[in-house]
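# Topology and contacts: notes
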Amino acid sequence: MSDYRVSGIGKRFGELEVLHDFSAIFPKSSVTAVLGPSGAGKTTLLNIIAGLIAADSGSIGNFGSASFSYSFQEPRLLPWMSVLDNILFVMSSLPDRDYGKKRAKSFLAEAGLHDFASSMPSKLSGGMRQKASLARAFAFPSDVLLLDEAFSAVDLKVRIDLLDLFSKLWEEERRTTIFVTHDLHDALYMADSIIVLSARPARIIDTVSIGQARSDRSYDGHDLSAIKQRLYRQILAND
Amino acid sequence: MEKGDRNSSNRSRFAYGLLGIVLAILLWEIASARVGVSLILPGPAEVAASFFSLAKTAGFWVAVGGTFRRVLVSFFISLVLGSVTGILAGLYPSVQHFTAPFLTIIRATPVMALILIIMFWFPAGHVPVFSAILMAYPVVHTGLYQGTIATDRTLLEMARVFRVQRKTVFFRLRLPAIRGDMASAAKNSLGLCWKVVVAGEVLSQPSFALGSGMQSSRLSLDTPGVFAWAIASIMLCGLSEFLLGLVARHLQAGGSSDE
C-alpha cells in the first residue's frame, strides 16, 4: 500500500474555520507528528481522518479504507470494566477471539500492567490509565494509529515513560502513526517527520524529516538542536 | 470508604432513623391525646393493637398477597415497557417525539381521575394494575431516556473508532452506563406503584386487597383499622424497596465480568 494522504480538507464549525484546504502526506510505517498551537484544529484533523466527523470539502484518500486505533488525550476507559476487559472490548470485533485475547494480554504485559489486568481503572494512577489506553491502541491490529496529545495530561517523568513505552511498542509493529501535539520536545523525541501547523485555520508552514534513529535521541532535544531552533523560529513567527 | 467507617456510618444512620420514628410516634401520641377522640385520631397503642389483631386473621394475609401481586405485576410491566421505550427514545429522537405527547398527558392527569376513568374500562381487580402502570411507566421511561442521552459521548466515540459492533456497544457500554438510572427509576416507580395500587383498590374495591380492607374499615368507622391497613401498606412498600435495593446493589457489583 502506498503512503496515506489527505488533500484539500476544509472544515468549519459555524463561523469558525478550523481547516482550510489542508493537504498532507503521511508516510507508511512511520511516525508523523502534527505540531501546532492549541486550538489549531489538530484534533479535528485526526477526527476527520478517523471518520468521526466529516470534512466540509476535500478527500481523506486511502484513509477511507483503513482501520484505526486511537489513543485520546484522556484514557477513555470504561470505568465498570477491568483493564483487560477494556482492551477485550475493542478486540471484540475481531473474528478470532483467542487471537484478540492473546494480543491484549501481550500488550498489557509490554506496558508493565500485567499485574493490574483485573484492576478497575479507578484503582490506577493517571499515568497507568494512559499506559492502558496506549496498550489498547497497540493491541488492536489497525492499519493506522492515531494519538491525540496522548501524553500531555501527565507529569514529565510519566510523560517520558509513556513516550519510551510508545517507542518500544511501535518497534514491535511499525504502524503508520499520526501523533498530534503542541509540544515540540514530544515531537522531536518521537517522530520520523514533523508537520508544523499555523494557528487556526491550520495550514502547513513547514515539514521536517528527522533522520536520527529514535533510540539515539534524548528528550531535551539537544542532539537535534538545529531542527529545534528552526521549528522554534517557525512557531514563533506564526504565533 | 474503609469498612470500619462504613459500619460506623450505618450505625449512625440507623440510630438517627430510629430517633426520627420514636419522635414521630411521640408527636402522634401527644396529638391523639389532645384530640381525645379515637374516631378522628386514634393513638399509636390502639392502632398497634388493631394491626396485630388484623395480622392474626387469614383475610389480612390474603389481602396482602393480592395487593403484593398487583404491585409486582404493575411494577414489572412498567419497568420493562419504560426501559424499552426510554432507551429507544434515547437512541432515536423520533421515538421520543412520538411518545412525548402521550407522556405529557399522563403526567398531567390526576391519579384519582385516571383511576376513575379506568374503572369504566376494566374489571375491579385490574383497575389498580392498569392505573399503576400508567403512572409508573412515564417515570421509568423518562429516567432511562435521560440516562441514555447522557451516556458519555467520548466512550461512544472511542467504540466507534475501534469499530466495536453495535450489539457489543449496547450490552457492554450503553446498558452498564445507565444501570444507576435504571436502579433509580425502578425505586421511584416501585414506591409509586404501591401508592397507586392501594388508591386504585380503595376506589375499585377488588377482592383480596389492602385498599378494599382500608375502605371497609372506613365504612364501618373503624379508624384504628384504617390506620392499621395503611401501616401494613407502608411496611410492605418499605420491605419491597429494601429488597429492590439489595437486587440493584448485586447487579451493580456484578457488572464487570469478562466476555
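Residue positions are given per chain, counting from 1 as you read along its sequence in written order. The order in which chains are written sets their letters, starting at A; the order in which ligands are written sets their numbers, starting at 1. Restriction of local features to residues with pLDDT of at least 70 applies here, the model being predicted, together with a cutoff of 80 or more for giving and counting side-chain atom pairs; totals for whole chains, interfaces and linings are based on all residues. In computing side-chain properties, one takes all heavy atoms of the structure into account and sets aside hydrogens as well as water.

### A look at the overall build of chain A
Broken down by element type, chain A carries seven helices and nine strands. Throughout, the radius of gyration refers to the C-alpha atoms, and the reference size of a globule is 2.2 Å times the residue count to the power 0.38. Computed over the C-alpha atoms, the radius of gyration of chain A is 18 Å, within 12% of the 18 Å expected from 2.2 N^0.38 for a compact globule of 239 residues. Projected onto the principal axes, the alpha-carbon positions of chain A cover approximately 50 × 40 × 35 Å. The classification of residues rests on relative accessible area computed with a 1.4 Å probe and restricted to protein chains. Under 20% of the type maximum is buried, over 50% is exposed, and intermediate values are partly exposed. Across the 239 residues of chain A, 55% fall into the buried class. Helix and strand definitions follow DSSP, with helices as H or I runs of at least four residues and strands as E runs of at least two, each counted in order from the N terminus.

### Some thoughts on the packing of aromatic side chains
Ring pairs shown here join Phe, Tyr and Trp side chains whose ring centres sit within 6.5 Å, with only the six-membered ring taken for Trp; geometry is labelled stacked below 30 degrees between planes, edge-to-face above 60, and tilted in between. Under the defined criterion, the tally for this structure stands at 17 aromatic pairs over all chains. Between F60(B) and W61(B), the ring centres sit 5.0 Å apart and the planes meet at 85°, which makes this aromatic pair edge-to-face. Should the NZ of a Lys or the CZ of an Arg lie within 6 Å of a ring centre and within 35 degrees of the ring normal, that charge is described as sitting over the ring. Sitting over the face of the ring of F72(A), R76(A) holds its NZ or CZ atom 3.8 Å from the ring centroid.

### Here's the deal with the environment of L88(B)
Residues and elements named next belong to chain B. Relative to the helices and strands, L88 is located in helix α3 (residues 58-91). Of the residues examined, L88 reaches a relative accessible area of 35% and is grouped as partly exposed. Considering only alpha carbons, one finds L88 and S189, 101 residues apart in sequence, at a separation of 19 Å.

### Section: the domain arrangement of chain A
All names here are of chain A. Parsing chain A into structural domains produces domain 1 (1-67 + 143-239) and domain 2 (76-141). Segmentation of the chain into domains, including their bounds, is taken from an automatic or database domain assignment. Taking the mean C-alpha position of each, domain 1 and domain 2 sit 25 Å from one another. Contacts between domain 1 and domain 2 engage 17 residues on the former and 13 residues on the latter. Together, the buried faces of domain 1 and domain 2 total about 1,300 Å²; carbon and sulfur atoms form 67% of this surface. Among the residues domain 1 hides against domain 2, the three largest losses belong to L165, L169 and R175. Together they make up 35% of the total. The working definition used for a salt bridge is a side-chain nitrogen of Lys or Arg within 4 Å of a carboxyl oxygen of Asp or Glu. Connecting domain 1 to domain 2 are two salt bridges. We call two residues contacting when some pair of their heavy atoms lies within 4.5 Å. Accessible area that two parts lose when put together, with a 1.4 Å probe and added across both, is what the buried area reports.

### A few points about the environment of F76(B)
Looking at the element boundaries, F76(B) is found in helix α3. Residues F76(B) and Y137(B), spaced 61 residues apart in sequence, show a C-alpha to C-alpha distance of 9.8 Å.

### Describing empty space enclosed by the protein
All names here are of chain B. Using a grid of 1 Å spacing that covers the protein atoms alone, one calls a set of points a cavity when a 1.4 Å probe fits there but cannot get out, and a pocket when the set is open and has protein on both sides within 12 Å along at least five of seven lines; lining residues are those with an atom within 4 Å of a point. Grid points are joined across faces, edges and corners, and a volume is the space filled by probe spheres set on the points. Applying the stated criterion across every chain, the model contains one cavity of 30 Å³ or more. Volume-wise, the largest cavity comes out at about 30 Å³. Lining the largest cavity are I87, T148, T151, F170, R174, L175 and I178. Ranked by residue count, the leading element in the lining of the largest cavity is helix α8 (residues 166-177), at three residues. Following the grouping adopted for this structure description, the nonpolar residues are Ala, Val, Leu, Ile, Met, Phe, Trp, Tyr, Cys and Pro, the charged ones are Asp, Glu, Lys and Arg, and the polar ones are all others, Gly among them. Class assignment of the residues belonging to the lining of the largest cavity gives a composition of four nonpolar, two polar and one charged.

### Topic: the packing of helix α2 (residues 83-91) of chain A against helix α3 (residues 97-110) of chain A
All names here are of chain A. Orientation of α2 relative to α3, taken along the N-to-C sense of each, is 135°, at an axis distance of 9 Å. One element, α2, and the other, α3, form an angle in the oblique class. For the crossing formed where α2 meets α3, the hand is right-handed. Judged by residue contacts, V83, L84, I87, L88 and M91 of α2 engage G100, K101, R103, A104, K105 and L108 from α3. Here, axes are lines fitted to C-alpha atoms. For helices the fit covers the stretch in contact, and angles between N-to-C directions go from 0 to 180 degrees. Comment on the angle field: the value is read as roughly parallel under 35 degrees, roughly antiparallel over 145, roughly perpendicular from 65 to 115, and oblique elsewhere. Each crossing gets its hand from how the near helix is turned against the far one by less than a right angle, where anticlockwise is left-handed and clockwise is right-handed.

### Comments concerning the layout of surface pockets
Residues and elements named next belong to chain B. In this model, the largest pocket occupies a volume close to 470 Å³. What lines the largest pocket is a set of 13 residues, and nearest its centre among them are L156, R160, R166, V169 and R174. Per-element tally for the lining of the largest pocket: the top contributor is helix α7 (residues 153-161), with five residues. Residues belonging to the lining of the largest pocket are distributed by class as follows: eight nonpolar, no polar and five charged.

### Concerning unusual backbone geometry
Residue D21(A) is not a glycine yet carries a positive backbone phi of 50°. For D21(A), the position within the fold is in strand β2 (residues 16-26). Note on D21(A): relative accessible area 54%, which makes it exposed. At Q205(B), a position not held by glycine, the phi torsion is positive, near 55°. Locating Q205(B) in the fold gives a position in the loop between α9 (179-204) and α10 (210-219). For Q205(B), a relative accessible area of 36% corresponds to the partly exposed category.

### Thoughts on the sheet that holds β2(A)
Residue and element names in this part refer to chain A. The strand order across the open sheet formed by three strands is β2-β1-β4, and the pairing between neighbours is antiparallel. Bordering the open sheet on either side are β2 and β4 (57-59), each of which pairs with just one other strand. For this sheet, the mean inter-axis angle between neighbouring strands, taken without regard to orientation, is 10°. Where strand β1 (residues 4-13) lies against β4, two bridges are found, and the strand directions are antiparallel. The partner of G10 across the bridge, within β4, is S57. Here, strands pair whenever DSSP counts at least two bridges between them.

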